[in-house]
Amino acid sequence: MKTNPLLLGMLLILGFAEATAQEKRPLTLNEAISLATTQSNEAGLADTKTETSKYELETVKNNRYPSLKISGQYQRLTEANINSKVSFGGSEPAEGETTSSPKVNQLILGQASLSMPIFSGFKLKNSVKAFENRYQAELLNAKNTKEQLAMNTVILYVNLYKAQQSVRLIQENLKSSQQRVKDFTAMEENGLIARNDLLKSQLQSSNIELSLEDAKRKVATLNYQLGNLLKLPEGTQISPDDAIFENSGFPKASINQNDALAGRSDLEALKWMQKASEANIKVAEGNYYPSVSLIGGYVAFNLKNVLEVNNAINFGVGVSYDLASIFKNGKDVKLARSQASETKQSADILTDRIKMEVQEAQENYALSLKQYKVYQEAIVQASENFRIVKDKYDNGLSDTNDLLEADVQELQAKLNEAFSKADIAQSYYELLSASGKLTDSFNITKN
């Protein structure tokens, strides 16, 4: 039996097309936010910065421990001539006699040194405190980064839903428009309507097709942006969960500004950075004091046939003081104080900004709830208006312009109602984000 090459090629092409078909994935908002806060590049960078800050803290803590150094040497020497100026109790050679130099061809040296800081003007203590505060600030910065990622995910998710709803509603309207063109074509051929009316309906249908293509473009763009943020396989077609938008029972949230200030991790991070800056002031002031440390050591030395030293142990106290710090350190202290002042002013500015964000978010949420009620009524009104205009048109009491305008108004009312449901969800989550409670509301597990 011979195989048809053309048929085989078509099967291969169809098989390849099926294998590379775009995967459709239903995705809830909770799942999307969970992926954004764990899989995105921004979330990974935030976690890495936290780890870096942790290692910096551990490195600074190590400075409080003793420093112990051990070293050893073994060296081969040439036949060195030894001329010692020190007498080791031997007799002087008689006049005319010569002495032979010892054979020296190796050197062995071993030593150990120990240094333990006792006092350094409280610099070590305050340095550790500064880095502990920085670490806490970095933890909160990572939390704030994930809060922002969650909000960005909500916005993309909502906009994707809007775009997909636009495609659905415009496609339905396009079918009606194309059917109207068919009806008008038949009526124009039978002389029941003027050709101008047919052209108007065809023009409207063409405009709807353009709107549909633009809506599809928005869907593709938003789908790619959201998929890229969530690190989904390329080509995945995301299907937002309609349930969250169909539920109009979001609570009438009212966020107290003090609660919002307490919940904002970015403001809390600045407060920890302010504490770190205050500790840095004490570190700079510590340069006015001397440094004191315990020191100790051990030496073992062997110069073959010449000198051998064993168990040479030393210990004591070391003191160091940079006299120039009396004149130079004042600038370092002023710099540290200025940096602390900058951090405090940044916290004050952010506090005012948070208050404004919360107030604006509450107003936007209240407005979205009111708009939804109006748009629900508008759908009923637009549908009834189209029905009446259609009846008048069929009875010759209305012209084509009125019919097409009523059709556009009904489509716009449906789009507004669909968008309004999405706006309620977005404005509600924006209010939660302004109060720092967005990720907590989804019970996202934090690493």
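The rules we used
Residues numbered from 1 in each chain as written. Predicted model: local features only at pLDDT ≥ 70, side-chain atom pairs only at ≥ 80, totals over all residues. Heavy atoms only, no water. UniProt positions renumbered as here; feature names shortened; annotations may be inferred. Helix = DSSP H or I, 4+ residues; strand = E, 2+ residues; numbered from the N terminus. Contact = heavy atoms within 4.5 Å. Phe/Tyr/Trp six-rings, centres within 6.5 Å; stacked < 30°, edge-to-face > 60°. Lys NZ or Arg CZ within 6 Å of the ring centre and 35° of its normal. Axes fitted to C-alpha atoms, helices over the stretch in contact; angles between N-to-C directions. Parallel < 35°, antiparallel > 145°, perpendicular 65-115°, else oblique. Left-handed = near helix turned anticlockwise from the far one by under 90°. Nonpolar A, V, L, I, M, F, W, Y, C, P; charged D, E, K, R; others polar. Patch = residues over 30% accessible without salt bridge, like charges linked within 9 Å, V, L, I, M, F, W, Y side chains within 5 Å. Areas by Shrake-Rupley, 256 points an atom, 1.4 Å probe, with all protein chains shown as cover. Salt bridge = Lys/Arg side-chain N within 4 Å of Asp/Glu carboxyl O. Buried < 20%, exposed > 50% of the residue type's maximum accessible area, 1.4 Å probe, protein only.

The name given to the protein chain in an unreviewed UniProt entry is Outer membrane protein TolC, and the organism recorded there is Flavobacterium gossypii. Of the comments in the UniProt record for the protein chain, the one headed Subcellular location (unreviewed entry) reads "Cell outer membrane". Listed under Sequence similarities (unreviewed entry) in UniProt, the entry text for the protein chain is "Belongs to the outer membrane factor (OMF) (TC 1.B.17) family."

(A) Geometry of the side chain of Ser 166. Mapping Ser 166 onto the fold places it in helix H4 (residues 123-189). Apart from the residues lying within four places of it in its own chain, the contact partners of Ser 166 are Ala 215, Leu 415 and Phe 419.

(B) Quick peek at the packing of aromatic side chains. Summed over the entire model, instances satisfying the criterion amount to 8 aromatic pairs. With a centroid separation of 5.1 Å and 35° between ring planes, the pair formed by Tyr 429 and Phe 442 is classed as tilted. Of this pair, Tyr 429 sits in helix H10 (residues 400-434) while Phe 442 sits in the segment after helix H11 (438-441); the two residues are 13 residues apart in sequence, bridging distant segments of the chain. Within the aromatic cluster, the residues linked to one another by ring pairs are Tyr 365, Tyr 428, Tyr 429 and Phe 442. Cation over ring: Arg 134 sits above Phe 131, and NZ or CZ is 4.8 Å from the ring centre. We note Lys 275 situated over the ring of Trp 272; from NZ or CZ to the ring centre the distance is 4.2 Å.

(C) Representation of the packing of helix H5 (residues 195-230) against H10 in the model. At a closest axis distance of 10 Å, the pairing of H5 and H10 adopts a crossing angle of 15°. Between H5 and H10, the crossing angle belongs to the class labelled roughly parallel. Considering only the axes of H5 and H10, their crossing is right-handed. Contacts from Asp 197, Lys 200, Ser 201 and Gln 204 of H5 reach H10 at Thr 400, Asn 401, Leu 404, Asp 407 and Val 408. Per-class residue counts for the contact of H5 with H10 are 2 nonpolar, 4 polar and 3 charged.

(D) How the structure looks around a nonpolar patch on the surface. Together, Met 116, Ile 118, Leu 294, Val 317 and Val 319 line one region of the surface with nonpolar side chains, adding up to about 470 Å² of accessible area. Of all the secondary-structure elements, those providing two or more residues to the nonpolar patch are strand S3 (106-119) and strand S6 (307-320). Mapping Leu 294 onto the fold places it in strand S5 (residues 291-303). Judged by its relative accessible area of 41%, Leu 294 is partly exposed.

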